[in-house]
Amino acid sequence: MTIGEAARASGVSAKMIRYYEETGLLAPAGRTAAGYRLYTEADLHALRFVRRARDLGFTMEDIRALLALWHDRARASAQVRRLALDHVADLRRRIDALDGMARTLEDLAAHCGGDARPDCPILDDLASGPHGRPGATPRQGERDPGASPSRRGTR
């Protein structure tokens, strides 16, 4: 089947299929004499595997490892389990970070009058930088273990 047909059948866009081939995540598809890519049922199965792994939030590096394990019939399932549990731990860390962000914004919004006055604790907090350090550069998930408790991350 053509790349368009493979894209429809797998749920992976043609652009992503080409990207996966270019990065070596998937083997290059066979070609017709005219240079068109041709995909087999095995290719579709691999594309669906990658799509499902992406849907579960695995990184490209993890998907590469999972594909290698999938193709290795002598694999130990413990390796696959370890990858999955490491990913769960990473997801939990990200959930905690997002939860902290949501709590902070809820707290800031609760302290905002939301009226015609120009005073706005939300803007004041954003202007103060992370943890009240003016001019500090924030990084995603950054936490300052030495900072005193503040509204950030609490209710």
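Above this note sits the structure.
Residues numbered from 1 in each chain as written. Predicted model: local features only at pLDDT ≥ 70, side-chain atom pairs only at ≥ 80, totals over all residues. Heavy atoms only, no water.

Draft legend 1. Inspection of the nonpolar core at higher detail. Membership of the largest hydrophobic core comes to 22 residues, with the highest contact counts inside it found for I17, Y20, L25, L26, L47, V50 and I63. Those elements that place two or more of their residues in this core are helix 1 (3-10), helix 2 (14-22), helix 3 (41-55) and helix 4 (60-71). Setting aside anything within four residues of it in sequence, one finds I17 in contact with I3, A6, A7, S10, V12, Y39 and L47. (Core = buried A, V, L, I, M, F, W, Y, C linked by side-chain atoms within 4.5 Å. Buried < 20%, exposed > 50% of the residue type's maximum accessible area, 1.4 Å probe, protein only. Helix = DSSP H or I, 4+ residues; strand = E, 2+ residues; numbered from the N terminus. Contact = heavy atoms within 4.5 Å.)

Draft legend 2. Structural detail: the packing of helix 1 against helix 2. Look at helix 1 against helix 2: their axes get within 9 Å of each other, and the N-to-C directions meet at 100°. By the angle between their directions, the pair helix 1 and helix 2 is classed as roughly perpendicular. In this structure, helix 1 contributes I3, A6, A7 and S10 to the contact, and helix 2 contributes A14, I17 and R18. Considered class by class, the residues forming the contact of helix 1 with helix 2 number 5 nonpolar, 1 polar and 1 charged. (Axes fitted to C-alpha atoms, helices over the stretch in contact; angles between N-to-C directions. Parallel < 35°, antiparallel > 145°, perpendicular 65-115°, else oblique. Nonpolar A, V, L, I, M, F, W, Y, C, P; charged D, E, K, R; others polar.)

Draft legend 3. Region of interest: the layout of surface pockets. Taken as a whole, the second largest pocket encloses approximately 250 Å³ of empty space. Forming the walls of the second largest pocket are 17 residues, and the residues nearest its centre are L25, L26, A27, A46 and H71. For the lining of the second largest pocket, the secondary structure elements donating two or more residues are helix 2, helix 3 and helix 4. For the lining of the second largest pocket, the class distribution of residues is 12 nonpolar, 2 polar and 3 charged. (1 Å grid on protein atoms, 1.4 Å probe; cavity = no way out; pocket = protein on both sides within 12 Å on 5 of 7 lines; lining within 4 Å. Points joined across faces, edges and corners; volume = space filled by probe spheres on them.)

Draft legend 4. A look at helix 5 (residues 77-110). With 34 residues, helix 5 ought to run about 50 Å at 1.5 Å a step, and its terminal C-alpha atoms sit 49 Å apart, in line with that. For helix 5, the set of buried residues is L83, H87, A97, G100, T104, D107 and L108. Where helix 5 is buried, its residues meet helix 4 and helix 6 (121-128). (Expected span 1.5 Å × (residues − 1).)

Draft legend 5. Layout of the packing of aromatic side chains. Per the stated rule, a full pass over the model turns up 2 aromatic pairs. With centroids separated by 6.1 Å and ring planes inclined at 55°, the aromatic side chains of Y19 and Y20 adopt a geometry described as tilted. Residue class for Y20 comes out buried when judged on its relative accessible area of 4%. Note on F49 and W70: the rings are 4.5 Å apart at their centroids and 20° apart in plane angle, and the pair reads as stacked. A residue pair is termed long-range when its members are at least 10 positions apart, and F49 in helix 3 and W70 in helix 4 qualify at 21 residues. Overall, F49 belongs to the partly exposed group, its relative accessible area being 21%. (Phe/Tyr/Trp six-rings, centres within 6.5 Å; stacked < 30°, edge-to-face > 60°.)

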